[in-house]
Structures are given as structure tokens and as C-alpha cells.
Amino acid sequence: MSQPGSRGATAGLQAQNGAAAASGSPYSNGPVQNALMSSQVSAGQGYDSQLPGSYPHLMPAKSLNPFSGQSNYGGSQGSAQTLNRPPVASNPVPPSLHSGPVPQTPLPASQNPAATPMPSGSFLPGANPPLPLNWQYNYPATGSQTNHFPHVAQPAVSGTTNLTRNQQYVSPGDPSLQTSFIKSGSALPLQNPPLPTSFQPGAPPGPSPAGGPPPVRGLMSQKPPPRVVPPPSFNSSINQEATPQLTNQNPKTSRSVGYAYPSLPPGYQNTAPPSATGMPPSSLNYPSGPQAFTQTPLGANHLNASMSGLSLHPEGLRVVNLLQERNMLPSTPVQPPVPNLHEDIQKLNCNPELFRCTLTSIPQTQALLNKAKLPLGLLLHPFKDLVQLPVVTSSTIVRCRSCRTYINPFVSFLDQRRWKCNLCYRVNDVPEEFMYNPLTRVYGEPHRRPEVQNATIEFMAPSEYMLRPPQPPVYLFVLDVSHNAVETGYLNSVCQSLLDNLDLLPGNTRTKIGFITFDSTVHFYSLQEGLSQPQMLIVSDIEDVFIPMPENLLVNLNESKELVQDLLKTLPQMFTKTLETQSALGPALQAAFKLMSPTGGRMSVFQTQLPTLGVGALKPREEPNQRSSAKEIHLTPSTDFYKKLALDCSGQQVAVDLFLLSGQYSDLASLGCISRYSAGSVYYYPSYHHQHNPVQVQKLQKELQRYLTRKIGFEAVMRIRCTKGLSIHTFHGNFFVRSTDLLSLPNVNPDAGYAVQMSVEESLTDTQLVSFQSALLYTSSKGERRIRVHTLCLPVVSTLNEVFLGADVQAISGLLANMAVDRSVTASLSDARDALVNAVIDSLSAYRSSVLSSQQPGLMVPFSLRLFPLFVLALLKQKSFQTGTNARLDERIFAMCQVKNQPLVHLMLTTHPSLYRVDSLSDEGALNISDRTIPQPPILQLSVEKLSRDGAFLMDAGSVLMLWVGKNCAQNFLSQVLGVQNYASIPQTMTDLPELDTPESARTIAFITWLREQRPFFPILYVIRDESPMKAAFLQNMVEDRTESALSYYEFLLHIQQQVNK
Amino acid sequence: MAFTFAAFCYMLALLLTAALIFFAIWHIIAFDELKTDYKNPIDQCNTLNPLVLPEYLIHAFFCVMFLCAAEWLTLGLNVPLLAYHIWRYMSRPVMSGPGLYDPTTIMNADILAYCQKEGWCKLAFYLLAFFYYLYGMIYVLVSP
């Protein structure tokens, strides 16, 4: 396998996931990147030549390589990295490493542990075509650094954008600094931190507004930053915008920095300040020397990142008094914070929608974590539908030999032949095959392989990743046909949806399908090829249920499609006259399990009442009168039958999805176990009825449509690895935990999210970056074994303040919600509620006592946590955790299942919906997406005070959209958008907006369509007027207001303040 | 020097405690295996669960023996553990079979750590008890 050519055949890249855009080019990032890279190389060479032989093999290491800490600024990248080293770095430079002209300078930035390491790239006022730099080469001694401080704060006034660049973390104890930040912060118009608009994210490679640093740097910085074009699949506008921040600096300081170098090689001194031209004199002046192995991407610079607090916007440094500043809710959706990493690393980092950590700065020790009182954990959405995903087909998948980590963008290449694992630090060999880059068709560039360029990547797994041949897609439908079920009329919808989507079921020629129905007996359907019509077999022995015939109950969909269609057409009519009211769900599930256990697959169970017969029969436990008392409610299962069956299913790679369509109590707490431990999902349609409740019918249809056609992965396992020192504490989600870091997922679907609590087991003092990797091994519906790998890299910090600054409030709330669900099951609901409130109180008092130096009155919170009390209050008012008699037990438990199983984005929307005013939509600030103009109304706070009777308001609560129309709403809106004459003629239940030929209607519909497109399921739109029954639900989401049993936001803040200031 | 009922109780307790020590060691090993991924939690729970009741019953049995022999001090030393056993079994998760351990929650770090700690504590207790019973037996045997 040493010929590049032959390897090209095996190692191919394809774009996956059906993106039309991707289909054209084999690997969509490819072309762009290549172009970039090649230019880099040339620049790099010229540049390296200045230091003949300086680092023969060391250069590209991305990371914590042993040399870090040496302060040479010899232009090569290898040296650049050296700065990035933690405070420890103060050893003198080993002279041997430096080639002659390089001056030895005293130790750089790293000396100041309190996050001060300054980005050395300095900002030259006049230099416009900023050369992106690897500016960290050198940084003068600590002394000069301290000088920076004043500048940091003062120039802030001069220009917002610059300002943003300069900021560092405020060192905790320094009041003067802090106040100045506050000022500068408040001068900024933007509320939403990470978006200084003056940078064009799309700007071409070179021009990040980094000034070429002082003369010296001018030369060195010729390299355009490696991968400027972020992988398209990540819409990382923030990241991009954040990137330039690293490079700016106050001119004065930088100048002094420049002069600080004692002896500059003449060549350097002559160089003009960085010029606009891409290829500056440097390469001319210095004939290329030995060509070094340049791995630009993760060069040394990256490390600096973790030290310099640069990517933080000053806004992020503010301390907010929540009692005084009421409007903390940004008017655009809350963005996840950007980890404080160097731009080059951050660019490669995993998309926060897929992989997110509650603390984007990981505390160094468990003690520090305990002090912060914030939960540390990950929130994953590993199987999300991606528009574009690089897929690698290669016979060897490169993994660390000791910890089995997949190679990822955050490993460091020690030289061409060796890479160092970023999780366990073992040095591994680069396999021969990996040396060839199928993208560029160049040999000897392992660091440019797609595996090392993408934090999210999919591998085609070779046969050693299979315990058995990949299973065919198998779908079994288990339908309740008792009297109650027939009464609801759900069979029609289900069969119709199935008929419509039969061809869209993910699968291939091997797809199998089967049906079981049950009432007090279990009915099987033989769909043998050649039969004229489906044959029904009834098993009435539910005590010991058996499979009536060995074959033909699960049949190949293609071969027996007509029979299947026949069956689906007749099924709704077959039981219309039934009088059987009993339900033998348990035996039916056992039968279904037996039927599927040889293959595995997906079992979809439709149930409409409490199971009453055979094993798994349940008794009603809900006592409506006691709903209000939080103590005596039954959140725990009453039997372990469903759990045990789920574990058996899990062992045989069967997942059970439960659709519960029930008017009465059905003990979802017990039934839900069947899905929870077999990695299925639960759908709940309270009071489903085909005539009385058309909205639920529509909801079922839409969700079935999605359910049947969405991607599916079979016989999956997911493993989560993390850097040595961190360990996994608890998993949240639907799965079975098979070992400390391995989840068994018989099926995985794109709408499932997972959460993981982490703890810091050993202190992380000797590392600056930690990584988390989730690897999901699954069989696709086409019968391929695939591995989807996501890697997230985060900086480690040592002070409490930095931990707080990096907190991701949405992720924290999501993780807390998961923990609270566990708590309410193991302890009680009131315990869980208390725990939620205490989480806010504890962390804010920790902040107050350990970070804030002066004890100001009010409720001071770090900017990053400004929404924390609000989100927790919203959680307390969510169905899962609310008190009062509103929530029926099943609805509450369903809400809890959703908390556990939903990805974070949807969880946050259901918890804290977005409210928009839509009667006056305008094109101002509208988005333009492929010729469509989508108005972007600001998000309003969830308070009735924001509503007005003469407006119309849209509430986006994730799975539902509610459009509340005020009584005095403008006639214009009523006629132009709703298409009705007057307020009174708005129908009671209206779930669609008419498509009228008016600009208002077009705008509203464009906006709603856009909201719907952002999520995989179809939220139903309810138009609500004052008398509608849905109005209560609408008002219930007004979390900032007081309700009969819950505090208003302001009261809640006062309560917290009282506790915090105790 | 008399071979009384009390002496018999001590001898019996001595033997049974030796057995309990093995139970405790077995638990510790089992949880360690779980932690280091050697075993599947389902299998592990299936092997551990049947052992829980026997252990509790053995312990309860010689507590009753000491009660009959009117060895109040010894009984007093054992009552806390007896109470703990009863509490532990009362608060077990919903299970149809005997036992304490639920494969779906056992991998939770808190529970795993708790079970491990419980194992070590019990081992220490049984070891000390073993020597105490030995002493008690000899004391009863030699006392006039």
C-alpha cells in the first residue's frame, strides 16, 4: 500500500446526507481548502527558510508539545507554538533549538497565570491588509505585559471593534479593571455579545484585521491563517467574527514589544511594515532552505488561545445587576458562548449544536469546579441531520493505540510519522496509508487529511467493527385494536401515514416489515408472498405467548409490498365492531420481541389505554385530587416488567418507540421504561380523537411523517471519551449504559439528544486543552456500518472568574433539567425544585463571595449567567416541574421524558419559548435566504406586559406555535394575514394561515415557515383569540409573570438575592 | 470453662462471618469489574442480586442467636447493621426479583461509588466482628 495511487482508490471521500450542494464536489470543503493550503505552503517555505534547520521535524505539533514555553520567535510554526504554554513555561530556551540569529528572549506571556497572556500580534494603525499572523512568536517579558493592562481598558473607547479584540479576562481581584470594563461594556450598543459587526466573516483568507505587528513580525506573518474557510456545514458566524479578535492590539504596546527584541536580524529590520501584498519580500530575501513539514492548521498558536482571554467580548466581562437591568433577554436567539480558544482551533471545533459543554472553560480541578457550583457536563445531539458531513472511506481508521480515540483535529503531529493523542497523550505512529491525502492527492501531509480537518466526520467502518453482518432495516408495528383504540380512530391516521410513506421508509432491498395487533389477544399477520390477501393469526394464550409461524410475519417490504398495502387499507375497518375492551400490551410486546430478536430493528407501539391483561398489566395510580401535593405522585414505574423487557430488547438490538394516545391515565411512568432503556422515543397525544380533537390528529400525522421518514441508525453504540483527568459521572437520555463510557443504542434517530455529567478526577494543571470525543457506531439503513465522530476541544482555566465567564447558560439549564428529572424520580418533585433553585443560589453566591471583590448591593451576576435565573424559573414553571393541579401525571411524565430525550435547542424552546410580535413585521433587518425575505422580529420577554390588545403575538414553543391575536388587533392584520372580516370571525380552532396575496401575509408565512424549517418536526400553529381554550396554555408560558403557585421573575430574583446575600 | 449456648453462638457466628467476609469481597470485586468495564451490568446484577438476601439473612440469623443467648453487647453491636440492611432493602428500586441492584442505574457514578464504599465498609465491619467473635468465644469458653 505504499503507492499513493492505489491508496487513492481506497481512500475516497464522499459527501453524505443528501446535500445537493455537496453532491457536486467529492468533498465539499475540498477545493477551497486546497487552494488555501497550497498558498500557505509556499509562504511557509519561504518563511521557514529563515531558520535553516531550526526545527527539522518538530514543527507542526499542535499542542502541548514538550517544547512549549521556549520563547523563540524564529518564524517557524514550531516555535510559534512554544509560547502557548502554561505558566510553567518559564524555563530558559534550550539554545540548541535556536538557529543563530534568533534572539533569545525572556519568557513570554505565560508568566502571568491570571489569563493575561497577551496576543502578541499587534495592531498597526495604518496597516490595512492585515496579514494574518502567527503572531505569538514572542512576547517580551512579563514586564511589558503588565504595561498592557492600561491599554486594554482605555482604548476601548476608541472603537468598539478594536475594543473587543483587546479584552482579556479580568483578573479576579482587580476592581479598577473591572469597573473600566463595565464602562466600556455599557458604551457598546450591542446586547448580544459575540457579534461585532464590523468584521466580514466571509472575508477572504488573509485579511483578518490583524495589523502586521511591528516590523519584526511583518515578515513572519506571511502565512495566511490555515483554514480560513470554515467548514460550510457549521454556520459559525460567531466563530468567525470572534477570530479576528485575537490579533489586534494597541499600537503603542506593540511597538514597544517590537523594540524589546534586542537583536533583530537585519533582514527583519528592513522589512517594511506589513504590506498588503500577500507574498512579501520575505520569501524573496530568503531563498528557501530545507523544506520543513508545516502543519499550519493547528500550529502552535493554538495553544495560546487557551491562555489569552481574547475572544471574549467586553460585554462578556460585565457584571450585571439583575435587579436593575431588567431587559437581559437578547432580542435574537441566545447564542452559545465561544470557547476561549485560538481562532485556528476554534474554527475546527465541533458545532455547538452537536456538541456543547456547560462550561466552555474547564476548571482545572474538582475543587475549583465545586467552588463554582456549576454543573460540568456535555450536551450532545450526535445524530443530528447535517447538511453536509465529510465521509471517509478508508481501510484503516487511525486511532490511538491505547485509548482508541479517533484521530481528530486536536491531536498534535510530532513529526510526519508520529502523532500524539490529545486524550491520553500517547504517541502513535501515523500509518503509511494516512500519509496520502486524498483531497490534495499529495503524499506526506497527514495533517491535512479530512480526519484532521473536521471535528465532525463519518467513517465507513470496515468489518472489524461488526459483531455480525449489518442487520437489515426491520420495522414492526404493534397496534392497539381494542374498543377504546378503535373509538379514537387513530388506526386510520396511522395506516394512511404508513401507506403514504411506505416508499420513504429508510431502507434498501432488504427492508423488512411486519404488523401485530392486540386487544385481549395478540394477532399476527402473515404476509407471505403469493397470498392473495393477508392472513390473520390469533394467539389467545397470552400467558405464554408464542409466534404462530416461523416465517412470513416479518416480510421483505419490496417483495410483499402489495400485501402490506392491502393490510394497511383493510386494517382500520377490521376492528370497527370490536367489543373487546381489555388490552394485553405486555404479551404483545413479548411476542413482538420474540419476532424481532433474531434481527433487531425498530418496534413502533401504539397504545391507547392502561394495559389490563397478562404480564405488564398496570393499575391506575393517579389520584386527581392529590395532583397539587408534590409529594405523593407516582413518577416511578410500578413494575419492572417494561424495564426488563427493554433491556432484553436492547440486548437484541430492538428499540421500542411508544405512541401513547390516551384520554385517561395510562401510567406512562411504567410504560415509558420500554422506550427509555431501549433507546426509543415516546410520543404522547393526550385525548386523541379523530373527530373531537382534529388538532391532535394533524399533529400525529405530521409527527408520523417525520418519524417514518427520518434517518435511522441500527445496532448502534456510542462511546464518549475525554481527556485523561476527566471522567464521566452520569448519562442522561434514552439508552442503556453498558459500561462506564459506552451507551447501547439499539436505534439512534436524528431527533434524540443526550446529556452527560462529568467530573474532574485528576487535576488538569499540566494541560491547557481538554477534548471530548463522541463516537457513534451504527448501521445505516443501507446496511453500511458507519462511525460518526464528533470532537470538542476546550481550554482549561485555573481561576473561578474564568470558569464563570465561560459558562454556557443554556447548556447549564439543560443539564440541570436532566438532573432534576432524575432527582424527582429518586427523591421527590419538591426536592428537584429545591435543587434547581439552589443551583442558582449556590453558583451566584459563589460568584459573589469568590469573584466579586466589592460587595455591591443587588444581585450581581456574571454576564454569561445573566439569563440563568430566568431559565431556571422557566424550568420551574415547565410541565415537568411545575406545582399545582394543571399537569396531569402522564403529561408531566411525558414532559420529563422530553427533557431527557430532546436535544438542547428544543428543550430550551419548550422551556423558554420565544415571543415575537408579528402584526407589524417589516423587512427591516430581514434575512435573505435564497430569494426569500424572512422578517426577523425581535424576541420579546415572556411577560404579559409585553402583550398588547392591539397586536398579534407569535409564541414559538418548540413543538407548538401559538399566535395570539389581541382583541383590538388592527383590522389590517385580520384581513390581510388571517383572512377574516373581524375579530369575532376568527374560528375557534384555526391551525393554518391562509396564503393571501398580500405582503403582510407573505411576511408572516415566510417567518413561520422559516421557524418550522429550523426543526425536524412540524410544530402546529394555533391561532388563539381571547376565548380560545388554548389561551391558558399561551399564558402559562409567560414565565416572567406570577401565577397562582409560582413567583414572578422579579420576585424570584428578590428571593435569590436574599439567599445569595445572606 | 463451659461449652454454653453462648459459646456455640459465637462459634457459629465465627463461621458465618467468615462466609460474610467472602460475600463482601465478592461484592467489592464485582463492582470493581463493573467500573473497569470487564462485565456487562446486566450479567453483574444477575450474579449479585441473588446473593443479597442470603447475606442479610445470615446476618439476621446470628443476630437472633445472640438475642437468644442474651449476649446483649454483641447484639447491640450488630443491630445498627441489621437496621441498615432492613432500610436498604426497603428502599430498593422497583424489582420483581430479589436483590438490590438495578442494571439501568448501577452504572451511575454515584451509585457505583456508593456500592463500592458499602462493600469496603462491610468488609471492615465483618473483619472486626470476626476477631471480636473469636475473642468472645474464647472468653465465654474460659470464663467459669
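- As named in an unreviewed UniProt entry, chain B is Protein cornichon, taken from Nannospalax galili.
- Quoted verbatim from the Sequence similarities (unreviewed entry) field of the UniProt record, the comment on chain B reads "Belongs to the cornichon family."
- Its UniProt record, at the heading Subcellular location (unreviewed entry), says of chain B: "Membrane".

### Considering the overall build of chain B
Phase 1: The number of helices and strands found in chain B is four helices and zero strands.
Phase 2: Along chain B, helices and strands appear, N-terminal first, in the series α-α-α-α.
Phase 3: Every one of the 144 residues in chain B was classed for burial, and the buried ones make up 42%.
Phase 4: Total accessible area on chain B stands at roughly 7,500 Å², and carbon and sulfur atoms take up 78% of it.
Phase 5: One finds the centroid of the 6 positive side-chain charges in chain B at a distance of 3 Å from the centroid of its 9 negative side-chain charges.

### Quick word on the interface of chain B and chain A
Phase 1: Contacts between chain B and chain A engage 17 residues on the former and 18 residues on the latter.
Phase 2: When chain B packs against chain A, the two sides together hide about 1,300 Å² of surface, and 57% of this comes from carbon and sulfur.
Phase 3: Looking only at chain B, the three residues that lose the most surface to chain A are Val-94, Thr-104 and Met-107 of chain B, adding up to 37% of its buried area.
Phase 4: Between Asp-102 of chain B and Lys-643 of chain A there is a salt bridge; the shortest N-O distance is 2.3 Å.
Phase 5: The tally of links from chain B across to chain A stands at eight residue pairs in polar contact (both at pLDDT 80 or more).
Phase 6: Taken together, the residues of the side of chain B that touches chain A sort by class into eight nonpolar, four polar and five charged.

### Description of the pattern of salt bridges
Residue and element names in this part refer to chain A.
Phase 1: A full pass over the atoms with the stated rule returns 29 salt bridges over all chains.
Phase 2: The salt bridge partner of Arg-788 is Glu-458, with a shortest N-O separation of 2.6 Å. Placement of Arg-788 in strand β27 (residues 785-797) and of Glu-458 in strand β12 (residues 456-460) is noted, with a sequence separation of 330 residues between them. Across this residue pair, the class does not change: Arg-788 and Glu-458 are buried.
Phase 3: For Asp-1026, the salt bridge is made with Arg-949, and the minimal N-O distance between the two is 3.2 Å. Separated by 77 residues along the polypeptide, Asp-1026 in the loop between β35 (1020-1024) and α33 (1031-1036) and Arg-949 in the loop between β32 (939-940) and β33 (952-956) bring together distant segments of the chain.
Phase 4: In this structure, a network of salt bridges that share partners links the residues Asp-385, Arg-706, Arg-710 and Asp-751.

### Describing the confidence of the model for chain A
Residue and element names in this part refer to chain A.
Phase 1: When pLDDT is averaged along chain A, the result is 73, and 69% of the positions lie at 70 or above.
Phase 2: Here helix α10 (residues 251-260) is the element of chain A with the lowest mean pLDDT, 33, and strand β19 (residues 654-660) is the one with the highest, 95.
Phase 3: Scored below 50 in pLDDT, residues 1-313 shows 663 contacts in the model against residues more than four places distant or in partner chains.

### A word on the side chain of Asn-437 of chain A
Residue and element names in this part refer to chain A.
Phase 1: Looking at where Asn-437 falls in the secondary structure, it is placed in strand β10 (residues 436-437).
Phase 2: Residue class for Asn-437 comes out buried when judged on its relative accessible area of 0%.
Phase 3: Within the local environment of Asn-437, its side chain forms a polar contact with the backbone oxygen of Arg-448, the two atoms lying 3.1 Å apart.
Phase 4: Setting aside its immediate chain neighbours within four residues, Asn-437 contacts Val-442, Glu-445, Arg-448, Arg-449 and Pro-450.

### Thoughts on the environment of Pro-363 of chain A
Phase 1: By the element assignment, Pro-363 of chain A lies in strand β4 (residues 362-363).
Phase 2: Ignoring sequence-local partners within four residues, the contact set of Pro-363 of chain A consists of Leu-368, Leu-369, Val-760, Leu-764, Val-796, Val-797 and Val-803 of chain A.

### Here's the deal with the nonpolar core
Residue and element names in this part refer to chain A.
Phase 1: Among the nonpolar cores identified, the biggest contains 217 residues, and Leu-378, Met-603, Leu-726, Phe-772, Leu-963, Leu-978 and Leu-993 are the most heavily contacted of them.
Phase 2: Non-local contacts of Leu-978, meaning those with residues more than four positions away in its chain, are made with Leu-963, Val-965, Phe-973, Ile-986, Met-990, Leu-993, Pro-994 and Val-1023.
Phase 3: Within the second largest apolar cluster, 39 residues are counted, among which are Leu-499, Leu-571, Phe-575 and Leu-661.

### Quick notes on the side chain of Asn-321 of chain A
Residues and elements named next belong to chain A.
Phase 1: As for its placement among the helices and strands, Asn-321 is situated in strand β2 (residues 319-321).
Phase 2: On the accessibility criterion, Asn-321 (8% relative accessible area) is buried.
Phase 3: A polar atom in the side chain of Asn-321 sits 3.1 Å from the backbone nitrogen of Leu-859.
Phase 4: Beyond its immediate chain neighbours, meaning those up to four positions away, Asn-321 contacts Pro-857, Gly-858, Leu-859 and Met-860.

### Let's talk about the packing of aromatic side chains
Residues and elements named next belong to chain A.
Phase 1: If you walk through the whole model with that rule in mind, you get 32 aromatic pairs over all chains.
Phase 2: Aromatic side chains Phe-641 and Tyr-642 sit 5.0 Å apart centroid to centroid with 80 degrees between the ring planes, which places their arrangement in the edge-to-face category.
Phase 3: The class for Phe-641 is buried, based on a relative accessible area of 14%.
Phase 4: A relative accessible area of 0% places Tyr-642 in the buried class.
Phase 5: A network of ring pairs unites the aromatic residues Tyr-490, Phe-606, Phe-659, Tyr-683 and Tyr-707 as a single cluster.
Phase 6: Positioned over the ring face of Tyr-406 is Arg-399, at 4.2 Å from the centre of the ring.
Phase 7: The ring centre of Phe-863 lies 4.0 Å from the NZ or CZ of Arg-866, which sits over that ring.

### Considering helix α24 (residues 694-709) of chain A
Residues and elements named next belong to chain A.
Phase 1: Between its first and last C-alpha, α24 extends 23 Å over 16 residues, near the 22 Å set by a 1.5 Å rise per residue.
Phase 2: Listed as buried for α24 are Val-695, Gln-696, Val-697, Gln-698, Lys-699, Leu-700, Glu-703, Leu-704, Arg-706, Tyr-707 and Leu-708.
Phase 3: Close packing links the buried residues of α24 with β13 (474-480), α18 (490-501), β18 (601-607), β19, β20 (682-684) and β35.

### What to know about the sheet that holds strand β7 (residues 412-415) of chain A
Residues and elements named next belong to chain A.
Phase 1: As summarised here, the arrangement of the three strands in space is β7-β8-β9, forming an open sheet in which the pairing is antiparallel. Lying at the two open borders of the sheet, with one neighbouring strand each, are β7 and β9 (427-429). For this sheet, the mean angle separating the axes of adjacent strands, direction not counted, is 35 degrees.
Phase 2: Relative to β9, strand β8 (residues 418-420) runs antiparallel, the two sharing three bridges. From the neighbouring strand, Arg-418 faces β9, where its bridge partner is Asp-429.

### A few points about the sheet that holds strand β34 (residues 960-965) of chain A
Residue and element names in this part refer to chain A.
Phase 1: Reading across from one edge, β32-β29-β33-β34-β35 is the order of the five strands in this open sheet, with mixed pairing throughout. The strands lining the two open edges of the sheet, one partner per strand, are β32 and β35.
Phase 2: Here β34 runs beside β35; their pairing, made up of five bridges, is parallel. Residue Val-960 lies in a different strand from β35, and its bridge partner there is Ile-1020.
Phase 3: Packed onto the sheet, helix α32 (residues 999-1013) meets β29 (914-917), β33, β34 and β35 and runs at close to 10 degrees relative to β33.

### What about the UniProt feature "transmembrane region" (unreviewed entry) in chain B?
Phase 1: Here, the residues flagged by UniProt with the feature "transmembrane region" (unreviewed entry) are residues 7-29, 56-83 and 123-142 of chain B.
Phase 2: Its end C-alpha atoms 33 Å apart, residues 7-29 of chain B is made of 100% helix and 0% strand.

### Some thoughts on the pairing of β12 of chain A
Residue and element names in this part refer to chain A.
Phase 1: Counting buried positions along β12 yields five of five residues, so the element is predominantly enclosed.
Phase 2: Every second residue of β12 is oriented toward a common face, with Thr-456, Glu-458 and Met-460 on one face and Ile-457 and Phe-459 on the other, all of them buried.
Phase 3: Here three bridges tie strand β6 (residues 389-393) to β12, and the two strands are oriented parallel to one another. Bridge assignment links Thr-393 to a residue of β12, and that residue is Met-460.
Phase 4: Sheet analysis places β12 next to β27, joined by five bridges and oriented antiparallel. Of the residues in β27, the one forming a bridge with Phe-459 is Ile-787.

What counts and what doesn't
- Residues numbered from 1 in each chain as written.
- Chains lettered and ligands numbered in written order.
- Predicted model: local features only at pLDDT ≥ 70, side-chain atom pairs only at ≥ 80, totals over all residues.
- Heavy atoms only, no water.
- UniProt positions renumbered as here; feature names shortened; annotations may be inferred.
- Helix = DSSP H or I, 4+ residues; strand = E, 2+ residues; numbered from the N terminus.
- Buried < 20%, exposed > 50% of the residue type's maximum accessible area, 1.4 Å probe, protein only.
- Areas by Shrake-Rupley, 256 points an atom, 1.4 Å probe, with all protein chains shown as cover.
- Lys, Arg positive; Asp, Glu negative; His and termini not counted.
- Charge placed at Lys NZ, Arg CZ, Asp CG, Glu CD.
- Contact = heavy atoms within 4.5 Å.
- Buried area = accessible area lost by both parts, 1.4 Å probe.
- Salt bridge = Lys/Arg side-chain N within 4 Å of Asp/Glu carboxyl O.
- Polar contact = N/O pair within 3.5 Å; in protein donor to acceptor, adjacent residues only side chain to side chain.
- Nonpolar A, V, L, I, M, F, W, Y, C, P; charged D, E, K, R; others polar.
- pLDDT = per-residue confidence, 0-100.
- Core = buried A, V, L, I, M, F, W, Y, C linked by side-chain atoms within 4.5 Å.
- Phe/Tyr/Trp six-rings, centres within 6.5 Å; stacked < 30°, edge-to-face > 60°.
- Lys NZ or Arg CZ within 6 Å of the ring centre and 35° of its normal.
- Expected span 1.5 Å × (residues − 1).
- Pairing = 2+ DSSP bridges.
- Axes fitted to C-alpha atoms, helices over the stretch in contact; angles between N-to-C directions.

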